[in-house]
Amino acid sequence: MSETTYQRLKDLPAYHILGTGTPMCAGCGGLATLHEVYDILGEKCVIVNAAGCMTLLSVYPCTPFRGSWLYTAMACAPAGAQGVRDGLDILKKKGRLSQEEDLEVVVLTGDGSAYGMGLSATSGAMDRELDFLYLCYDNEGYGNTGQQFSAATPHAARTATSKGSLGYPGYKKDLFAIWAAHRPSYVATVVAAEPLDLARKIEAAGKLSGPRLILALSPCPTGWEYEPSATVEIGKLAVQTGIWPLKEYVDGKVTHTKIPHPRLPVREYLKAQGRFHHLFAPRENRGLIAEIQARVDRYWQEVL
Amino acid sequence: MNRKLLTGNGAAAWGARLARIDYLPAFPITPQTEIIETIGNWIDNDALECRMVTMESEHSMLTAAGAAAVTGVRVFTATSSQGLLYATEMLYTVAGWRVPLVLVNVSRGISSPITLEPDHNDVLAMRDCGFLQLHCATCQEVLDNMLIAYRLAEHPLIRLPVLVNLDGFYLSFTREPVQIPSQAEVDRFLPPFSAGSIRFRGGESLSEGVAVLEGSAYSYFRYEAHLASLQGLAVYEELGLEFGELFGRQYTTLECYRSEDAEIVFVMIGSFATKGKEAVDRLREAGAKVGLVRPRLLRPFPVSALRTALAGKKGVAVIDQNLSLGKGGILLTELSSALYGIPGAPPILAGFVGGLGGRNISNEEFFEIHKVVQRGVATGVCPAPQLLYTDEELRALRKMQSVARAAKTNRGGGA
Ligand SMILES: Cc1ncc(C[n+]2csc(CCOP(=O)(O)OP(=O)(O)O)c2C)c(N)n1
Ligand code: SF4
C-alpha cells in the first residue's frame, strides 16, 4: 500500500457521488460503506445487485446511482456480473464499445447472499477468474427481512431468530478464508469507520483485475439495536477490540493493515449494542463473554 | 442450401450458429448436451465466433444470459427438465428485464421419480413467466424456428425472450434430413441485433430490474409485458410468411392437418403430434372424418386461430403429454378456456393424458380416443378425462411392485 493517493484524511473525495434521500435507515453502516466505495470507484461501473437492503436504493422511477445498475436475484449477482463482463468484452472486441467506455463490474450484496445463498455463484465466478469486484456489506444478518440470523451472524448475537438467553448458537463463517482458498486476485476487510484504510484498499483493488472481494463490516442500527449516531463509534470499536481485523490478501499472503494496539476488551464492543444486551443483564454472562474474548485473543495470537 | 441428416439437437445448434450468436452460457443436462458440445466444437475450430462460458448452475446460466443480453449482445442457451426448473426464478426475472434471447428446452419429465424420458411438464411449468414458447415437431422446424425466435425476441413490439421447445429423445436424438440455409440467406432474414436504448455506459444512470413499491406500477409493467407477448401472434404470422418467401417453408401459429373437413379433431403439441398425424391417416383410410390441429405457439396462445380452426367441429380430443397434479392435462385447460362460450364451439371436448415420461402413444390408442370422442358426440355427454394406459402395462407394473415388495421382505423390512 505504499503508492497510494490516500495519505491523509483530507486526500479523500470531498463529496459523495451517490445521490441523497435514499430509503436506508438512519445511520446505516452499509450505506456509509457504499458511499465511500462509490466515491473511489467513480461512476464508470455497473453495479450488479442481489436482494437485500441496498436493492431499495433504486426504486422506480428514481436511482441515486450515476452509473449503471442491474438487479438480479438473491442467489446470482456474480452470475449477472459474468454476463455483463462477457457482454462488454464482446462489444469491445466487435468495436462497438471503446476501451475508454469500458466499465468496472461490481457486485453488491449483503452477507446473506455473500456467505450463503450466493456462495455457489461466487465460487463459480472465482473459478472462471471473472474480472469483477465484489462488495459485501456485512450487517451480520438477513437485514432486509428483519435481521434473522445468517451464516455471518457472530456467536451469541440476538437476532429475530435467536432470541434466547444465549443468542445465536453458531459461529460466524470465515468468508475471507473461503475466498482466499480460491486464490483470487484480492480480498480485503474494511469498515466505513476507517475511511482511509478503506480508500486505499479500493484503490488497490481497482488496480488489479480478476475476482476481488471487499468485505465490509456494516453496523446496522436497526438490527444491532443501537442509536444511529453510534455507527462510526461501533465500527471503530470493532477494529479496536480486534473483533473485525482489517486485513488484505494478495498473492497468497495475508497482511493486517491496522493492528489494534492496545487491543480493547471485546465487552466494550458488545456492551454498545442491544443485540448483546442479554450478555450483561439481568446477570452478566461472564462465561460467554470470556469465550468470545478467547476466540479473538486466539486469532491475534495466531496471526501476529 | 445444403441438406444434411441432423438430430433435433444438431438442428438447434445450427440454428444458433446461423443466428450468429455472440454468447453462450451453458450447463450440461441430458438430453440437451449435444447442442452445447456441437457449438463448443465450432467455437474451438473457429467456425463460429462466440464466447462460451460454463456456469455452475442453470440459475446462474440464465442470469448470465439475461445480463449479457442487457449489454446488447445476441445470446443463446439451452437446458432441459430439472435445469429449466432450477432456472425458474431467473426466467421470470429475465423476461421482466424485457431482453431478447433464445432458450432451447429439450423437454424431459421432471422428478420424482427421476427419468430421462420426455414429456411436457418442464416447459409447461414455465407458461406464465413471460418467455414466448414455440413448440417444434420436426428437426427442420427446430432450425427454422430458432431463426424466427430471434426475430420475435428482438422485435421492437415484443422484446421478450423466446423458448424453443423440442422433445427429448423423440427429436433430440432422431436424425432427419434438414435443409440448412446458407449464412448469406439467413443474414438477409436475421440482421445483427441492435440493443437500442438498453445499454450500460459510464456516467449514465441506467437501472434495470429496479424495485417498484406499489401495485399500480407493478401491474403496469407486468401488463405491458403481457401485451407485448400477445403481439407475438401477429408478428409470428408475419415472420412465418416472410420466412416462407425466403426459404420456401412457411410457418403459421397453427398447423392444421386434414382438419378442414374433419368432424373430430385431435389437438396436440410437439413431436408427438407426428404420431397423431399418422393416426389421422390411418383413421381416414378407415373412413373416419378426422384431423389434427397443432399450436406451434403455446405462449402467446393462438386463441382466435384455434377458435376458427375448431369452429363447427363435432368433437375435439386434447392429448396432453403432461399432468397438472390435482387438475389434469394442461393443454385441455388451455383449450377449454379458449373455446368456452364461443358460438360454434365444439360441444365435445375430451381430455387424454399420454406420453408421460416418454410413454409411447400407439396407433390403436388414437383409434380408441377417436371411438371415445365419437361416443361422446353420439350421446352428447363429454367423456371424463382419462389416462392412456393399457392392461398390459398395468400387469408389467404390478410385477415390478411384487419384486419391490419381495426385495423389501428379504431385507427383513415390511410386514
Ligand atoms: C430466493 C429468495 N429468497 C428469499 C428472498 C427474501 N429476501 C429478500 S432480502 C433478504 C435478506 C438478504 O440478506 P442479506 O443478503 O444479508 O442482505 P441485507 O438484507 O442484510 O441487506 C431475503 C431473505 C429473496 N428475495 N429471494
Ligand atoms: S436494516 Fe440495517 S443494513 Fe438495512 S438499511 Fe437498515 S441499517 Fe442499513
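Calculation notes
- Residues numbered from 1 in each chain as written.
- Chains lettered and ligands numbered in written order.
- Predicted model: local features only at pLDDT ≥ 70, side-chain atom pairs only at ≥ 80, totals over all residues.
- Heavy atoms only, no water.
- Helix = DSSP H or I, 4+ residues; strand = E, 2+ residues; numbered from the N terminus.
- Rg over C-alpha atoms; globule rule 2.2 N^0.38 Å.
- Buried < 20%, exposed > 50% of the residue type's maximum accessible area, 1.4 Å probe, protein only.
- Contact = heavy atoms within 4.5 Å.
- Areas by Shrake-Rupley, 256 points an atom, 1.4 Å probe, with all protein chains shown as cover.
- Lys, Arg positive; Asp, Glu negative; His and termini not counted.
- Charge placed at Lys NZ, Arg CZ, Asp CG, Glu CD.
- Salt bridge = Lys/Arg side-chain N within 4 Å of Asp/Glu carboxyl O.
- Near = heavy atom within 4 Å.
- Nonpolar A, V, L, I, M, F, W, Y, C, P; charged D, E, K, R; others polar.
- Patch = residues over 30% accessible without salt bridge, like charges linked within 9 Å, V, L, I, M, F, W, Y side chains within 5 Å.
- UniProt positions renumbered as here; feature names shortened; annotations may be inferred.
- Buried area = accessible area lost by both parts, 1.4 Å probe.
- Polar contact = N/O pair within 3.5 Å; in protein donor to acceptor, adjacent residues only side chain to side chain.
- 1 Å grid on protein atoms, 1.4 Å probe; cavity = no way out; pocket = protein on both sides within 12 Å on 5 of 7 lines; lining within 4 Å.
- Points joined across faces, edges and corners; volume = space filled by probe spheres on them.
- Domains from an automatic or database assignment.

*Asks:* Explain the overall build of chain B here, please?
*Replies:* When helices and strands are counted, chain B shows 14 helices and 16 strands. Its C-alpha radius of gyration of 22 Å places chain B within 12% of the 22 Å reference for a compact globule of 415 residues. With the C-alpha coordinates of chain B rotated into their principal frame, the extents come out at 70 × 65 × 55 Å. Counting only residues that meet the buried cut, chain B has 56% of its 415 residues in that class. Here the analysis covers contacts within chain B between residues at least 6 apart in sequence; of these, 80% occur between residues at least 24 apart.

*Asks:* How should the overall build of chain A be read in this particular structure?
*Replies:* Scanning chain A for helices and strands turns up 10 helices and 8 strands. Here the C-alpha atoms of chain A give a radius of gyration of 19 Å, agreeing with the 19 Å that 2.2 N^0.38 yields for 304 residues. When the backbone C-alpha atoms are referred to their principal axes, chain A occupies close to 70 × 40 × 40 Å. Within chain A, counting contacts between residues at least 6 apart in sequence, those at least 24 apart form 67% of the total. Summed over all atoms, the accessible surface of chain A reaches about 12500 Å², with 54% contributed by carbon and sulfur. Averaging the coordinates of the 31 positive side-chain charges in chain A and doing the same for the 31 negative ones gives two points 3 Å apart.

*Asks:* Looking at this structure, I do not really get the pattern of salt bridges. What am I missing?
*Replies:* Side chains that carry opposite charge are capable of pairing whenever their charged atoms lie near each other. Per the stated rule, a full pass over the model turns up 39 salt bridges over all chains. Of the charged contacts in the structure, one is a salt bridge between Lys236 of chain A and Glu194 of chain A, with a shortest N-O distance of 3.9 Å. Taken together, the positions of Lys236 of chain A in helix H8 (residues 231-240) and Glu194 of chain A in the loop between strand S5 (186-191) and helix H6 (195-207) put the pair 42 residues apart, joining distant regions of the chain. Looking at Glu194 of chain A, the relative accessible area reads 9%, which means it is buried. Residues Arg359 of chain B and Glu393 of chain B are paired through a salt bridge, measuring 2.7 Å at the closest nitrogen-oxygen approach. In this pair, Arg359 of chain B sits in the loop between strand S15 (348-353) and helix H13 (363-379) while Glu393 of chain B sits in helix H14 (residues 391-410), placing the two residues 34 residues apart along the sequence. By sharing partners, the salt bridges in this structure join Arg85, Asp86, Asp89, Lys92 and Asp102 of chain A together with Arg51 of chain B into a single network.

*Asks:* Could you clarify how one ought to interpret helix H1 (residues 8-18) of chain B in this entry?
*Replies:* The periodicity of an α-helix, 3.6 residues per turn, causes residues three or four places apart in sequence to face the same way. Counting buried residues in H1 of chain B gives 11 out of 11 residues, a clear majority hidden from the surface. A positive phi of about 55 degrees marks Arg20 of chain B, the residue just after H1 of chain B.

*Asks:* Is there a simple way to think about the site of ligand 2 in this case?
*Replies:* Near ligand 2, the surroundings consist of Met24, Cys25, Cys28, Cys53, Asn139, Cys220, Pro221 and Thr222 of chain A. Looking at the shell around ligand 2 residue by residue, the class counts come to 6 nonpolar, 2 polar and no charged.

*Asks:* Can you help me understand a nonpolar patch on the surface in this one?
*Replies:* Residue and element names in this part refer to chain B. Taken together, the side chains of Leu387, Tyr389, Leu394, Leu397 and Met400 make up a nonpolar region of the molecular surface, amounting to roughly 450 Å² of accessible area. At 3 residues, the largest contribution of residues to the nonpolar patch is made by H14. Assignment of secondary structure puts Tyr389 in the loop between strand S16 (386-387) and H14.

*Asks:* I would appreciate a short explanation of the UniProt feature "domain: Thiamine pyrophosphate enzyme TPP-binding" (unreviewed entry) in chain A in the present structure.
*Replies:* UniProt records the feature "domain: Thiamine pyrophosphate enzyme TPP-binding" (unreviewed entry) at residues 51-214 of chain A, using the numbering of this structure. Spanning residues 51-214 of chain A, this segment combines 32% helix with 17% strand, and its end C-alpha atoms are found 18 Å apart.

*Asks:* Even after reading the chapter, I still don't get unusual backbone geometry, so can you show me in this structure?
*Replies:* The bulk of non-glycine residues show a negative phi, and the bulk of peptide bonds are trans. Here the residue pair Ala281 of chain A and Pro282 of chain A is connected by a cis peptide bond, since its omega of 0 degrees sits within 30 degrees of zero. Locating Pro282 of chain A in the fold gives a position in the loop between helix H9 (266-271) and helix H10 (286-303). The omega torsion of the bond from Arg299 of chain B to Pro300 of chain B falls at -10 degrees, within 30 degrees of zero and hence cis. Along the chain, Pro300 of chain B turns up in the loop between strand S13 (297-299) and helix H11 (303-310). The phi torsion at Asp251 of chain A lies on the positive side, around 50 degrees, for a residue other than glycine. Judged by its relative accessible area of 71%, Asp251 of chain A is exposed.

*Asks:* How should the interface of chain B and chain A be read in this particular structure?
*Replies:* Tallying the contact residues gives 38 residues for chain B and 41 residues for chain A. For the pair chain B and chain A, the summed buried surface comes to about 3100 Å²; carbon and sulfur atoms form 61% of the total. Seen at the junction of chain B and chain A, the total is 4 salt bridges. Here Arg51 of chain B and Asp86 of chain A are joined by a salt bridge, their closest N and O atoms 3.4 Å apart. Summed over the shared surface of chain B and chain A, the number is 13 residue pairs in polar contact (both at pLDDT 80 or more). Looking at the side of chain B that touches chain A, the elements with two or more residues in it are strand S3 (51-54), helix H3 (58-71), helix H5 (88-97) and strand S9 (207-208) of chain B.

*Asks:* Sorry if this is basic, but what is going on with the layout of surface pockets here?
*Replies:* Regions of empty space are outlined by a rolling probe, equal in size to a water molecule, passed over the atoms. By volume, the largest pocket amounts to about 1300 Å³. What lines the largest pocket is a set of 46 residues, among which Ala95, Gly96, Trp97, Arg98 and Phe221 of chain B lie closest to the centre. The biggest single contributor to the lining of the largest pocket is helix H9 (residues 215-247) of chain B, with 10 residues. A per-class count over the lining of the largest pocket returns 25 nonpolar, 13 polar and 8 charged. Shared between two domains, the lining of the largest pocket holds at least three residues of each, these being domain 1 (2-197 + 210-247) and domain 2 (254-392) of chain B. Taken as a whole, the second largest pocket holds about 770 Å³ of empty space. Lining the second largest pocket are 28 residues; nearest its centre among them are Lys172, Ile243, Pro245, Arg295 and Tyr299 of chain A. Among the elements of the structure, helix H5 (175-181), strand S6 (211-217), H9 and H10 of chain A are those that each provide at least two residues to the lining of the second largest pocket. Here the lining of the second largest pocket gets 6 residues from one element, more than from any other, and that element is H10 of chain A. Classifying every residue of the lining of the second largest pocket gives 16 nonpolar, 3 polar and 9 charged.

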